[in-house]
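This is what each chain is made of:
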Amino acid sequence: MTPSVPHNTQQRDTDRVYWRPICQTDPARSPEALPLAGGWCWFDRVERIRRAPADHPDPYEDLPDIVPIEQVPTDVLDRLTAARGPVGGLDLRLPRIMGILNLTPDSFSDGGQFDRPEAALAQARHLAADSDMLDLGGESTRPGAAEVAQAEEIARTAPVIRALRADGIATPISIDTRKATVAAAVLDAGADLVNDVSGFDFDPAMADLVAARAAPVCIMHAQGLPETMQHDPRYGDVLLDVYDALETRLQRAEAAGIDRRRILLDPGIGFGKTQAHNLALLRRIGLFHGLGCGLLLGVSRKRFIGRLGAGAEADLPADARDPGSVALALAAWGQGVQVMRVHDAASHAQALRLWRAVCDPRGAVD
């Protein structure tokens, strides 16, 4: 396996322009507005972003540079407006929920709760009631987690997926793995999508495997390996550095023969990022629509939610972070993010139904 390498951006291309749509769901839509990614949001203005010079490290210190869509290049508008999906059985014209099923003894939120077959199957059935896709993982990638042997990862995941399919559960299934051998075994067992948190950095064979199987894939951004990724992560400009890194990984995937239409992108909240980095990405998450793929976001129960949501308290335990997780999901759906990866699918599904009734005219009469 090839470990991922931190990519602290030292050189600043201050000439390149990045375009972030100002996402709206307001019912008073302007006549000149364009649809965002063929979904529920619209935009009629764009934030124009450039890297700050080295002697001016805060690119957002000044007032934002907001321009009308008439000033945006045609190829950029084409990427921003083109409909996404379907990917892995998900129609991305609507907000979607990916329910997390950790088949591990050591995941940060629910490690050990569902690592027995009967408990895993019961939880999968429970999640499937409110999820558009299930995301199964046999290796924890929490900060500090050690690598799991491939055979063990397969033994934790493949039998559960076969049992779900035998039980008649047709919900699309994602396999959360960094390893091509694991992905192959679990695709054979009935999985639909590969979710690689390393973005093809960990296992060089993964891109070729995904291409050969014509499998849908989620490419995530991470800086470093789980064992060390939270040891002082640094960026020049986290928003633009992550954008550039995902753009490079997307190009690498296409060069391997993976169709862009089968790709989801994930900026990797909490994977080699501080609380400040996470918030900077979430505030301007709409920028990533410019890459022309559906977006997946995983923030559920992460540590910064416990810290910010605790108020005067020091922190909240993982299982008390669901209200904060829902709040961030609603904010992300409001910026057009298509798929939210969550632990508590029922709470998110309820919140989404109410949010759509208010913010998406198509959701008021479901």
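Residues take numbers from 1 onward in each chain, read along the sequence in its written order. Owing to the predicted nature of the model, reporting of local features is limited to residues with pLDDT of at least 70; listing and counting of side-chain atom pairs is limited to 80 or more, with chain, interface and lining totals taken over all residues. Derived side-chain values reflect all non-hydrogen atoms in the structure, with water molecules and hydrogen atoms excluded from consideration.

**Looking at the overall build of the protein**
Secondary structure follows DSSP: runs of H or I at least 4 residues long count as helices, runs of E at least 2 residues long count as strands, and numbering of each begins at the N terminus. The helix and strand tally for the protein stands at ten helices and 13 strands. The 366 residues of the protein split such that 55% are buried. Restricting the contact set of the protein to residue pairs at least 6 apart, pairs at least 24 apart contribute 71%. Taken as a whole, the protein presents about 15,100 Å² of accessible surface, with 52% of it coming from carbon and sulfur. Three exposure classes are used, based on accessible area relative to the maximum for each residue type with a 1.4 Å probe and protein chains only: buried under 20%, partly exposed in between, and exposed over 50%. Here, residues are in contact when the closest pair of their heavy atoms is within 4.5 Å. Residue exposure ignores everything except the shown protein chains as possible cover, and the areas themselves are Shrake-Rupley values with a 1.4 Å probe.

**As for the packing of aromatic side chains**
Two rings belonging to Phe, Tyr or Trp (six-membered ring only in the last case) form a pair when the distance between their centres is within 6.5 Å. Interplanar angles under 30 degrees mark stacking, angles over 60 mark edge-to-face geometry, and anything in between is tilted. Applying the stated criterion across every chain, the model contains two aromatic pairs. Their ring planes at 85 degrees and their centres at 5.5 Å tell us that Y18 and Y243 sit as a pair that is edge-to-face. Linking Y18 in strand β1 (residues 18-21) with Y243 in helix α6 (residues 238-255), this pair joins segments that are 225 residues apart in sequence. We note that Y18, like Y243, is buried. When the centroid spacing of 5.9 Å and the interplanar angle of 35 degrees are considered together, the rings of Y243 and F288 count as tilted. Remark: F288 occurs in the loop between α7 (275-283) and β12 (294-297) and Y243 occurs in helix α6; sequence separation between them is 45 residues. Members of the aromatic cluster, joined through ring pairs, are Y18, Y243 and F288.

**Regarding the pairing of strand β10 (residues 217-220)**
On β10, burial covers both faces: V217 and I219 on one face and C218 and M220 on the other are all buried. Here a strand pair is declared whenever DSSP counts at least two bridges between the two strands. Pairing between strand β9 (residues 193-196) and β10: three bridges, direction parallel. Across the sheet, D196 pairs through a bridge with I219, a residue of β10. With four bridges joining them, β10 and strand β11 (residues 263-266) adopt parallel strand pairing.

**Digging into helix α10 (residues 345-359)**
Over its 15 residues, α10 extends 20 Å from the first C-alpha to the last, a length consistent with the 21 Å expected when each residue adds 1.5 Å. For α10, the set of buried residues is A345, H348, A349, A351, L352, W355, R356 and C359. Buried residues of α10, seen end-on, are gathered within an arc of 165 degrees and therefore sit on one face of the element. Facing away from the buried surface of α10 by more than 90 degrees, the exposed residues are Q350, R353, L354 and V358. Residues of α10 that are buried in the fold lie against β6 (96-102), α2 (117-128), α9 (322-333) and β13 (339-342). Expected helix span is computed as 1.5 Å times (number of residues minus one). Think of it as the arc spanned by the lines of direction from the helix axis to the C-beta atoms.

**Here's the deal with the state of the cysteines**
Sulfur atoms of two cysteines make up a disulfide when they are within 2.5 Å. Throughout the structure, instances matching the rule amount to zero disulfides. For the unlinked cysteine C41, the closest cysteine sulfur is that of C23, found at 5.3 Å. On the basis of relative accessible area, C41 is assigned to the buried category, the value being 1%. Between C218, a cysteine without a disulfide, and C293, which holds the nearest cysteine sulfur, the sulfur-to-sulfur distance is 10.0 Å.

**Topic: the pattern of salt bridges**
Salt bridge criterion: a side-chain nitrogen from Lys or Arg within 4 Å of a carboxyl oxygen from Asp or Glu. Under the counting rule described, the total for this entry stands at 27 salt bridges. Linking R79 and D75 is a salt bridge whose minimum nitrogen-to-oxygen distance equals 3.7 Å. Taken together, the residues R79 and D75, both in helix α1 (residues 74-81) and four residues apart, mark about one turn of the helix. Each member of the salt-bridge network shares a partner with another, and the members are R16, R51, D241, D244 and E247.

**Comments concerning the packing of α2 against helix α3 (residues 150-166)**
Axis definition: a line fitted to C-alpha atoms, over the contacting stretch in the case of helices. Angles run 0 to 180 degrees between N-to-C directions. Running from N to C, α2 and α3 cross one another at 50 degrees; their axes reach a closest spacing of 10 Å. It follows that α2 is oblique to α3 by the angle criterion. As for the relative orientation of α2 and α3, their crossing is right-handed in sense. For the pair α2 and α3, the contacting residues are A120, L121 and A124 in the first and V160, A163 and L164 in the second. Across the contact of α2 with α3, the residue classes break down as six nonpolar, no polar and no charged. Here the angle decides the label: under 35 degrees means roughly parallel, over 145 means roughly antiparallel, 65 to 115 means roughly perpendicular, and every other value means oblique. Crossing chirality is assigned from the near helix's rotation relative to the far helix, an anticlockwise turn below a right angle marking it left-handed and a clockwise turn marking it right-handed. Throughout this entry, Asp, Glu, Lys and Arg are counted as charged residues, while Ala, Val, Leu, Ile, Met, Phe, Trp, Tyr, Cys and Pro are counted as nonpolar. The remaining residues, Gly among them, count as polar.

**Here we look at the packing of α3 against helix α4 (residues 180-189)**
Running from amino to carboxyl end, α3 crosses α4 at an angle of 15 degrees, the nearest separation of the two axes being 8 Å. With respect to α4, the axis of α3 lies roughly parallel. Along this stretch, α3 crosses α4, giving a crossing that reads as right-handed. For the pair formed by α3 and α4, the contact residues are Q150, E153, I154, T157, A158, I161, R162 and R165 on the first element and T181, V182, A185, V186 and A189 on the second. Residues of the contact of α3 with α4, tallied by class, amount to seven nonpolar, three polar and three charged.

**Quick notes on the side chain of H221**
Take H221: it is sitting in the loop between β10 and α6. You can call H221 buried: its relative accessible area is 0%. Residues adjacent in sequence count toward polar contacts only when both atoms are side-chain atoms; beyond that, a polar contact is any pair of N or O atoms within 3.5 Å, and within protein one must be able to donate a hydrogen and the other to accept it. Within the structure, H221 has its side chain in polar contact with the side chain of K273 (distance 2.8 Å).

**Quick word on unusual backbone geometry**
Residue P86 is reached from G85 by a cis peptide bond, and omega for that bond is 0 degrees. You can see P86 is positioned in the loop between α1 and β6. Phi angles above zero are rare outside glycine, and A214 is one such case at about 50 degrees. With respect to the element layout, A214 can be found in the loop between α5 (206-213) and β10. Positive phi, normally seen in glycine, also occurs at R301, with a value near 60 degrees. The residue R301 is located in the loop between β12 and α8 (303-309) in this model.

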